[in-house]
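# Architecture and fold: a report
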There are 2 protein chains.
Amino acid sequence: MEISLEQLCERAHKDRIRVGMLDAEVKNQTLMKAADALLAHEEEILKENEKDLERGRQNHMPAGLLDRLALNHDRILGMADGLRQIAALDDPIGEVISMKKRPNGLIIGKRRVPIGVIGIIYEARPNVTADAFGLCFKSGNCAILKGGSDAICSNKAVVAAMKEALCEMQIPEGALGLIESTDRETTNRFMKMKEYVDLLIPRGGAGLIRNVVDNATIPVIETGTGNCHIYVDQFADLDMAVSIIKNAKTQRIGVCNACESIVVHRAVAEEFLPMLYQALKEYDVKMRGDDSAVECLGADQPLVEKATEEDWGREYLDYILSVKVVDSIDEAIAHINKYNTSHSESIITKNYDVAQKFLDEVDSACVYVNASTRFSDGNEFGFGAEIGISTQKLHARGPMGLEALTSYKYVIYGNGQVRP
Amino acid sequence: MEISLEQLCERAHKDRIRVGMLDAEVKNQTLMKAADALLAHEEEILKENEKDLERGRQNHMPAGLLDRLALNHDRILGMADGLRQIAALDDPIGEVISMKKRPNGLIIGKRRVPIGVIGIIYEARPNVTADAFGLCFKSGNCAILKGGSDAICSNKAVVAAMKEALCEMQIPEGALGLIESTDRETTNRFMKMKEYVDLLIPRGGAGLIRNVVDNATIPVIETGTGNCHIYVDQFADLDMAVSIIKNAKTQRIGVCNACESIVVHRAVAEEFLPMLYQALKEYDVKMRGDDSAVECLGADQPLVEKATEEDWGREYLDYILSVKVVDSIDEAIAHINKYNTSHSESIITKNYDVAQKFLDEVDSACVYVNASTRFSDGNEFGFGAEIGISTQKLHARGPMGLEALTSYKYVIYGNGQVRP
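A short tour of the structure in this document, coming up. Here the structure is a predicted model, which is why all the values come from computation and not from measurement.

## Looking at the overall build of chain A
The helix and strand inventory of chain A stands at 14 helices and 16 strands. The C-alpha atoms of chain A give a radius of gyration of 24 Å, which matches the 22 Å a tight globule of 420 residues would have. With the principal axes as the frame, chain A shows a C-alpha extent of 70 × 70 × 35 Å. If you take every contact in chain A between residues at least 6 apart in sequence, the share linking residues at least 24 apart comes to 72%.

## A few points about the sheet that holds strand β5 (residues 176-178) of chain A
Residues and elements named next belong to chain A. Read across the sheet, four strands follow the order β5-β4-β3-β6 without closing on themselves; strand pairing throughout is parallel. The open sheet has two edge strands with one neighbour each: β5 and β6 (199-203). Neighbour to neighbour, the strand axes of the sheet diverge by 20° on average, direction disregarded. Against the sheet, helix α7 (residues 152-168) makes contact with β3 (117-122) and β5, and its axis sits at roughly 160° relative to β5, the strand it touches most.

## Brief notes about the interface of chain A and chain B
Facing 74 residues of chain A, the contacting portion of chain B comprises 74 residues. With both sides pooled, the region where chain A packs onto chain B buries about 6,200 Å², and carbon together with sulfur makes up 51% of that total. Where chain A packs against chain B, one counts ten salt bridges. The salt bridge involving A:Arg16 is made with B:Asp363; its shortest N-O contact spans 2.8 Å. Our enumeration of links across chain A and chain B arrives at 47 residue pairs in polar contact (both at pLDDT 80 or more). Elements supplying a minimum of two residues to the side of chain A that touches chain B: α1 (5-20), β2 (107-114), α9 (206-215), α10 (238-250), α14 (352-361), β13 (366-371), β15 (398-400) and β16 (406-417) of chain A. Among the residues making up the side of chain A that touches chain B, the classes are represented as 34 nonpolar, 22 polar and 18 charged. Relative to strand β13 (residues 366-371) of chain B, β16(A) is paired through five bridges, and the arrangement is parallel. Within the sheet, the bridge partner assigned to A:Val411 lies in β13(B) and is B:Val367.

## Looking at the pairing of strand β7 (residues 228-232) of chain B
Residue and element names in this part refer to chain B. Summarising burial for β7: five of the five residues are buried, a large majority. Alternating positions in β7 separate into two faces, Cys228, Ile230 and Val232 on one and His229 and Tyr231 on the other, with burial throughout. In this structure, β7 lies alongside strand β8 (residues 259-265), joined through five bridges in parallel fashion. Pairing of His229 across the sheet is with Ser261, part of β8. Across four bridges, the pairing between β7 and strand β12 (residues 344-348) is parallel. Directly across from Tyr231, in β12, lies its bridge partner Ile347.

## Focus: empty space enclosed by the protein
Residue and element names in this part refer to chain B. Under the counting rule described, the total for this entry stands at two cavities of 30 Å³ or more. Quantified by volume, the largest cavity comes out at close to 240 Å³. For the lining of the largest cavity, the residue count by class is twelve nonpolar, four polar and four charged. In this structure, the second largest cavity spans a volume of roughly 30 Å³. Around the second largest cavity, the lining residues are Lys146, Gly147, Gly148, Ser149, Ile152, Asn155, Leu178, Ile179, Ser181 and Thr182.

## Some remarks on the packing of aromatic side chains
Taken as a whole and judged by the stated rule, the model has 14 aromatic pairs over all chains. Between the aromatic rings of A:Tyr408 and A:Tyr410, the centroid separation amounts to 5.6 Å while the plane-to-plane angle is 75°, which identifies the pairing as edge-to-face. A residue is classified by how much of its surface remains accessible, and A:Tyr408, at 15% relative accessible area, is buried. Overall, the relative accessible area of 5% leaves A:Tyr410 in the buried class. An aromatic cluster is built from A:Phe381, A:Phe383, B:Tyr408 and B:Tyr410, whose rings are joined through pairwise contacts. Of note, B:Lys324 hangs over the ring of B:Trp312, and the distance from its end group to the ring centre comes to 5.5 Å.

## Some remarks on α1(A)
All names here are of chain A. With 16 residues, α1 ought to run about 22 Å at 1.5 Å a step, and its terminal C-alpha atoms sit 22 Å apart, in line with that. The sharpest bend along α1 measures roughly 40° and falls at Lys14. Within α1, burial applies to Leu5, Leu8, Cys9, Arg11, Ala12, Asp15, Arg16, Ile17, Val19 and Gly20.

## What to know about the pattern of salt bridges
A complete count under the given rule lists 71 salt bridges over all chains for this structure. For A:Lys14, the salt bridge is made with A:Asp15, and the minimal N-O distance between the two is 3.8 Å. Its salt-bridge partner being A:Glu95, residue A:Arg112 comes within 3.1 Å of it at the nearest N-O pair. Of the two residues, A:Arg112 sits in strand β2 while A:Glu95 sits in the loop between α5 (73-88) and β1 (96-101), which places them 17 residues apart along the sequence. The buried category is assigned to A:Arg112, whose relative accessible area is 11%. Assessed through its relative accessible area of 39%, A:Glu95 is described here as partly exposed. What emerges from the salt-bridge pattern is a single network uniting A:Arg16, B:Asp363, B:Lys393 and B:Arg397.

## Some words on the pairing of strand β3 (residues 117-122) of chain B
Residues and elements named next belong to chain B. Within β3, six of the six residues are buried, leaving the element largely enclosed by the surrounding structure. Of the two faces of β3, the one carrying Val117, Gly119 and Ile121 and the one carrying Ile118, Ile120 and Tyr122 are both buried. Relative to strand β4 (residues 142-146), β3 runs parallel, the two sharing five bridges. Within β4, the position partnered with Ile120 by the bridge is Leu145. Following the backbone out of β3, through helix α6 (residues 126-138) and into the adjacent parallel β4, one traces a crossover that is right-handed. As defined by bridge partners, β3 adjoins strand β6 (residues 199-203) across five bridges and the pair is classed as parallel. Pairing of Ile121 across the sheet is with Pro202, part of β6.

Conventions we followed
- Per chain, residues are indexed from 1 in the order of the written sequence.
- A letter from A marks each chain and a number from 1 marks each ligand, given out in the order of writing.
- Side-chain atom pairs in this predicted model are given and counted only at pLDDT of 80 or more, local residue features only at pLDDT of at least 70, and totals for whole chains, interfaces and linings cover all residues.
- Side-chain measures were taken over the full set of non-hydrogen atoms in the model, leaving aside hydrogen atoms and water.
- Segments assigned H or I by DSSP are reported as helices when at least four residues long, segments assigned E as strands when at least two residues long, and all are numbered from the N terminus.
- Each radius of gyration is computed over the set of C-alpha atoms, and the globule rule expresses the reference value as 2.2 Å times the number of residues to the power 0.38.
- The contact criterion used throughout is that any non-hydrogen atoms of two residues lie within 4.5 Å.
- For two strands to be treated as a pair, DSSP must find at least two bridges joining them.
- Here an axis means a line fitted to C-alpha atoms, over the contact stretch when the element is a helix, while the angle between two N-to-C directions is reported on a 0 to 180 degree scale.
- Put simply, buried area is the surface a 1.4 Å probe can reach on two separate parts but cannot reach once they are joined, added for both.
- Salt bridges are identified by distance alone: a Lys or Arg side-chain nitrogen within 4 Å of an Asp or Glu carboxyl oxygen.
- The term polar contact refers here to a pair of N or O atoms within 3.5 Å; inside protein, the definition further demands a hydrogen-donor-capable atom paired with an acceptor-capable atom, and it admits residues adjacent in sequence only when both atoms are side-chain atoms.
- We call Asp, Glu, Lys and Arg charged. Ala, Val, Leu, Ile, Met, Phe, Trp, Tyr, Cys and Pro are nonpolar, and the rest, Gly among them, are polar.
- Working definition: with a 1.4 Å probe on protein chains only, accessible area under 20% of the residue-type maximum means buried, over 50% means exposed, and in between means partly exposed.
- Every definition here rests on a 1 Å grid over the protein atoms only: cavities are sets of points where a 1.4 Å probe fits but cannot get out, pockets are open sets enclosed by protein on both sides within 12 Å along at least five of seven lines, and lining residues have some atom within 4 Å of a point.
- Grid points are joined across faces, edges and corners, and a volume is the space filled by probe spheres set on the points.
- Here a pair means two rings of Phe, Tyr or Trp (six-membered ring of Trp) with centres within 6.5 Å. Their orientation is stacked below 30 degrees between planes, edge-to-face above 60, and tilted elsewhere.
- Whether a charge lies above a ring is judged from NZ of Lys or CZ of Arg, which has to be within 6 Å of the ring centre and within 35 degrees of the ring normal.
- Multiplying 1.5 Å by the residue count of a helix minus one yields the expected span of that helix.
- To get the bend at any residue, fit one axis to the seven residues that end at it and another to the seven that begin at it, then take the angle between the two axes.
- We call a crossover right-handed when, viewed with both strands directed away from the observer, the connection leading from the first strand over the helix to the second proceeds clockwise.

Below is the structure:
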């Protein structure tokens, strides 16, 4: 039953053409059946998940990671619902993006096609196993999954359940592969399987992403590191600024689109920062400011700290904010472009010119005026689903829906043309 | 005057925002002036080029490479014309690709923006220096050029001339950088300047591209390796097949979209292959066939040879063709998908179903029916210019015009929205 990494990748590569040509109807039925299979096998999946949890507890895994690893009835229901939602989305494959006739009579069309074989490398979160497969499959790609080794029993059970549906629908086996080996050496070899794998998407923390970028020879889309800034301009509605920062900082703390850093124009800092402090106090949000910010906040306030250079670039994923006071929009933009991770930034202002300048000059995937950075999300953008949020500029930027998992090919209709 | 690699990359990164915001009018004027400057400095450029040529001759550089390295009046005119043509193209930057209002009132627009800093690594062809800069600049990007060390004097002269125009137009210096150091270690460090450089495009032979892919941590677009196939179906117009293959093989021999391999349906092989042999004889095209092909061609014919396994995957760039006889369209497609480089393939047929199947199932950037593969080219596709032909599926596939050098950002207009 167990096959080697090479065989797994080669099988996916071989099957990519057939998987890429599946009709939307077949793909949708398969996803619905895979959802049913997850529910039908809930008992086994939870039993296997308990093995992972037990091992995690023995290895003193932190509570947050144990929580991400844990499955229960509601979470399996969530995974099944996720697959059903993906089934309900439009099939992106086959769309003719453009088509035109050239002077020599050649008709050149640009047709949306799958990427081929996509490798997803992620942490010990078994729900990603179903989600990543669903998105890759709906977009006509073969998925090779490498989940965190701490979730290996759970992942095997989830994949086994979904494979029943694939088998029933006679989907080529290469459509879904799970790398079962948990050693690092296998992962490193996987990242160099350029002959068979077209794209790697790492999903997880900065360390995981850095490791993939440094070692992969396969093209990578980097996702999910967010040191998101909100800039409170001198022309801001300060109440709106408080409301938006409070939302962006505290509505969900451990996510990449949460606000980590704020920048405040000096003209409003003295009035605004104490307002913000009051609003964030109930969440015990520590505020690490430069000298001016600390002065406005009050150095003796319990949650006020002095920022170090290192703070400006930090993605805290915690109840901490860095606070920088600036003299101008130019200084704000320069600070943001220096320290951000090109994820999401927002300006709070009522001034038209300042707003446009911010949108133009801040170099990020998502730039907002008067809204929370928490909206940087595939569902919120109307994509119906999301494989991650790209922080690079190549191929896909920002929230990635199904289209981000596609490429295109040129199809050219001739009648004997040769090049003069 | 000389600055370090790090300074060069950091300067480009810093200037990318200002370069990205230049008006089309300013960019066009700059390109026109750069074209003028090349002509005004023709004498110095030719003098510096002669130094490179002299060194090349002393080092016994092959004639083909010397020819690519050589500049003369016509070639400098060609470089200037190239820049003027780029000036005449539409500016891709700033286009709003889509925009919509979400139920919560957020207005989300997708705006085309430059990639930022693009590194081009190429061989000893000084004309690429002008061309690559022109395309990067028109699309709002900063270009860092690393040309083959054998052309270093020519490249310095070309860049110096163009920089006069940039200086006159007050373009930020980071818009154009040339890596003057010719040692390998510098190139290797360049490929890892991920903090400052957003994209690497290698232009050149398979060895150069492989080296960049293996060593870069910056995202790479692979270009230009073409083992292009033409499949002569049993329902082909055989005269058309001869005409197209003759064009694709011999019209220009050393280019990536030239035909290197043909596949012939057994039902027509006996009639067709001798026709093709006659047509290609005047060019002394060697035909390396499998057993069936050799039998149809005649083993005793002077240009007929037996193919080895290695032949199927070769990009000859020479007057040689591999010839495979197959029993079906499925076998043809399987052979092509196994050995091609995902560049361009063509089928010659009059049968509708077979044509559609070929377009669907052949996994290449450009798939043709009844036309020469030589049309895979930015100009022929109507893009007006070309930075290369991508053989990967990420970001850009096939001929890459100005749009391939752009990314996008989401600009989001709110009025106080927070995430519930």
